[in-house]
Amino acid sequence: MENKINISQLICTRISHDLIGNVGAFANAVELMEDEDDEFLAEIKSTLKTSSQVLTARLKFFRMAFGLSNANLENIETVKKVTEEYVATLNLHHPIATEIKIVNSPFNRAVMLAAMCAADVIIRGGKVRVGSTRSAIVVAAESDAPLAQGKIAAMQTVLEGGTPDNVSQYAPLYCLQKILEEESRTLTIDVLNGFSLLIS
């Protein structure tokens, strides 16, 4: 999975997976609207509004996290806002908040991808917390509910050079790993106190 073509395939599959549900909901709402049934008008409007907000937030995030480098990546406030809005779409019934406390760094794209990975292990609401020490950027997943241990184990498999099941789900981790290798940086997972990704 180390060559660019395969990573691109993983990214495309993951992005498609993360968009298709809301695209379908949007299409269904439009279809109901065309039936001109006033009974469902409030529900249709709500679905259209929610789906459009989710799609907009996710597309903005994917463009920055996986796309070509652009000026927005250099602005930490933009990175924070886009990441917070993306993570907030992941589970509307059990919200995930984001707290990013770092200054501008050349690793803002890495922070976005690591935040995506951390959010993936939160099942029933919680927080993705991003901070830094003298030697590392720390991206932690926090929740009062248990974290997804299967996903954590799969991420450890990726970092050890293995290939987990449902490999496209871990596209952000493969991409993050590749970016950091090019910068001669390391990525490790800490599971002693929950779950943290350490970029050093």
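Heads up: these notes are all about the structure in this document. (Residues numbered from 1 in each chain as written. Predicted model: local features only at pLDDT ≥ 70, side-chain atom pairs only at ≥ 80, totals over all residues. Heavy atoms only, no water.)

### A few points about the pairing of strand S3 (residues 137-142)
1) Next: Bridge analysis of strand S2 (residues 126-132) against S3 gives 6 bridges, and the strand direction is antiparallel. Following the sheet pairing, valine 128 is matched in S3 by alanine 141.
2) Next: Counting the residues that bridge the hairpin from S2 to S3 gives 4 residues.
3) Next: As paired strands, S3 and strand S5 (residues 195-199) are joined by 5 bridges and run antiparallel to one another. In the strand pairing of S5, valine 138 is matched with leucine 198. (Pairing = 2+ DSSP bridges. Helix = DSSP H or I, 4+ residues; strand = E, 2+ residues; numbered from the N terminus.)

### Quick look at the packing of helix H2 (residues 41-66) against helix H4 (residues 108-120)
1) Next: Taken N-terminus to C-terminus, the directions of H2 and H4 make an angle of 125 degrees; their axes are 9 Å apart at the nearest point. Classified by the angle between their axes, H2 and H4 sit oblique to one another. The element H2 and its partner H4 pack so that their crossing is left-handed. Where H2 abuts H4, its residues Phe61, Phe62, Met64, Ala65 and Phe66 lie against Arg109, Met112, Leu113 and Met116. (Axes fitted to C-alpha atoms, helices over the stretch in contact; angles between N-to-C directions. Parallel < 35°, antiparallel > 145°, perpendicular 65-115°, else oblique. Left-handed = near helix turned anticlockwise from the far one by under 90°. Contact = heavy atoms within 4.5 Å.)

### A look at H4
1) Next: Given a rise of 1.5 Å per residue, 13 residues ought to cover 18 Å, and the 19 Å separating the end C-alpha atoms of H4 matches this to within 8%.
2) Next: The element H4 is extensively covered by neighbouring structure, given that 13 of its 13 residues are classed as buried. (Expected span 1.5 Å × (residues − 1). Buried < 20%, exposed > 50% of the residue type's maximum accessible area, 1.4 Å probe, protein only.)

### Regarding the pairing of strand S1 (residues 96-100)
1) Next: Only one face of S1 is covered, namely the one carrying Ile96, Thr98 and Ile100; the face carrying Ala97 and Glu99 has none of its residues buried.
2) Next: Direction of pairing for S1 relative to S2: parallel, over a ladder of 5 bridges. Residue pairing for S2: alanine 97 is matched across the bridge by lysine 127.

### Some points on the packing of aromatic side chains
1) Next: All told, the structure shown has 4 aromatic pairs when counted by the stated rule.
2) Next: Arranged with centres 4.1 Å apart and planes meeting at 10 degrees, the rings of phenylalanine 61 and tyrosine 86 form a pair that is stacked. Placement of the pair is phenylalanine 61 in helix H2 and tyrosine 86 in helix H3 (residues 76-88), with a sequence separation of 25 residues. The same class applies to phenylalanine 61 and to tyrosine 86, which are both buried.
3) Next: Through pairs of rings, three or more aromatic residues link up here, namely Phe61, Phe62, Phe66 and Tyr86. (Phe/Tyr/Trp six-rings, centres within 6.5 Å; stacked < 30°, edge-to-face > 60°.)

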